[in-house]
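Reading the structure
As a plain string of letters, each chain reads:
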Amino acid sequence: MREFDGTPRTAAWIVTGPTSGIGYRAALDLAEHGTVVLVGRSPHKLKKVAAEINARPRGHAVTVTGDFSDLASVRRAAAEIVALDLPIAGLLNNAGVSPMGPAHTAQGWDLAFTTNHLGPFVFTEALVPHLPDGANVVFVCSAVEDPKRTSATLAGYRGGRYISAEAGLRGEWRPGGSRRPGMDAYATSKQCNLATVLEFARETPRLRFNAVEPGFNPGTGLGRDAGPVARLALRCVAAPLAPFITYWNTPKRAARMITHVLTDSSDATGVYYDEKGRPMPGSDQVRDPAFDARVVRETRTLLADIAGRPA
Ligand SMILES: NC(=O)c1ccc[n+]([C@@H]2O[C@H](COP(=O)([O-])OP(=O)(O)OC[C@H]3O[C@@H](n4cnc5c(N)ncnc54)[C@H](OP(=O)(O)O)[C@@H]3O)[C@@H](O)[C@H]2O)c1
């Protein structure tokens, strides 16, 4: 981790997953607004992004290593950030994975559910007590959580398939889902992100919690599990078409929208923004406050339970 050099800054912005795709672009944009705290699992990649930002005239980045598939690592990263004692204005929970098939953490937990939901949940709860009033916490969600989103169902998604947090940890989803279990894992983890944002916004009005749907950004690292031919097609054919297709986007444009949402000085909280930065509704499930509260309650219970289990 690069030491904080004591340079006075008006604001600090935490970005998870800044080493690729949307998060990388958002980190560059947020560097225009103050110090950027880059949180990722690869010290080497983090160093490269930090060097790029620090080479700019007013750029200032610090790096913190944290693997979101490993909750102990997430807690260490949050503690490191608190120790930096920076004036944190916002947190962008962007890091995420989308495995095609069943994939597991070192503990045998579902990889997408742990990395996309449990990791950011633990990270956010560890930082919340240290955030000043009005700080904005933004989660990068996904419209594939909504079973009524036609473009997502055409791609094979069947919406979030939440049974319980404990079932998600085991990689179990509500029956009737996608033919690819990885799609159910991803959609459910993203539904949990959105439910978390909406419930946290209700619980903690002194802070702001908002969600963004960045649009379909072909060619980012998220499709790394697709075969080499599909990856090539995504990068070389789909990505150039993205600016012209409804719901499709480029990381540059998505990052601009996300930076706008994160840095805006309104008191908006509990808002879910689409790829153009317009408020959008989530699925029927997340629009039910009882569902959001259940996801948060069960996640907290699960995390307490995991903490008590022998390593
Ligand atoms: N691309 C889309 O179409 C799309 C659509 C809707 C939502 N999203 C969401 O947008 C976010 C960014 O996705 P992207 O498309 O920009 O994908 P990406 O290019 O693969 O970027 C993902 C970032 O997350 C990091 N990451 C992955 N696993 C991690 C872990 N265990 N610990 C810490 N960091 C980890 C990656 O780090 P490494 O560089 O080390 O791999 C990378 O920096 C994700 O939350 C995704 O679900 C994307």
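Residues numbered from 1 in each chain as written. Predicted model: local features only at pLDDT ≥ 70, side-chain atom pairs only at ≥ 80, totals over all residues. Heavy atoms only, no water.

1. Some words on the pattern of salt bridges
Inspection of every chain in the model, using the stated rule, returns 14 salt bridges. Residues R56 and E32 are paired through a salt bridge, measuring 3.1 Å at the closest nitrogen-oxygen approach. A residue pair is termed long-range when its members are at least 10 positions apart, and R56 in the loop between α2 (43–54) and β3 (61–65) and E32 in the loop between α1 (21–30) and β2 (35–40) qualify at 24 residues. For E32, a relative accessible area of 47% gives the class partly exposed. When the shortest N-O distance is used, the salt bridge between R294 and E298 registers 3.2 Å. Placement of the pair is R294 and E298 together in helix α10 (residues 289–308), with a separation of four residues, close to one helical turn. Relative accessible area serves as the criterion here: at 26%, R294 is assigned to the partly exposed category. (Salt bridge = Lys/Arg side-chain N within 4 Å of Asp/Glu carboxyl O. Helix = DSSP H or I, 4+ residues; strand = E, 2+ residues; numbered from the N terminus. Buried < 20%, exposed > 50% of the residue type's maximum accessible area, 1.4 Å probe, protein only.)

2. Topic: helix α9 (residues 251–263)
Over its 13 residues, α9 extends 18 Å from the first C-alpha to the last, a length consistent with the 18 Å expected when each residue adds 1.5 Å. Residues of α9 that are buried include every one of A254, A255, M257, I258, T259, V261 and L262, and no others. Residues of α9 that are buried make contact with β1 (12–16), α1, β4 (88–93), β5 (136–140), β6 (208–212) and β7 (272–273). (Expected span 1.5 Å × (residues − 1). Contact = heavy atoms within 4.5 Å.)

3. Remarks on unusual backbone geometry
With a phi close to 55°, D85 is a non-glycine residue in the positive phi region. Residue placement: D85 occurs in the loop between α3 (71–84) and β4. Judged by its relative accessible area of 65%, D85 falls in the exposed class.

4. Section: the site of the ligand
In the vicinity of the ligand there are 30 residues, among which T19, S20, N94, Y186 and T220 approach most closely. Note that an oxygen atom of the ligand is positioned 3.4 Å from one of the backbone N or O atoms of G21. Residue G221 places a main-chain N or O atom 2.8 Å away from an oxygen atom belonging to the ligand. Contact with the protein chains removes 97% of the 890 Å² of surface that the ligand exposes when unbound. (Near = heavy atom within 4 Å. Polar contact = N/O pair within 3.5 Å; in protein donor to acceptor, adjacent residues only side chain to side chain. Areas by Shrake-Rupley, 256 points an atom, 1.4 Å probe, with all protein chains shown as cover.)

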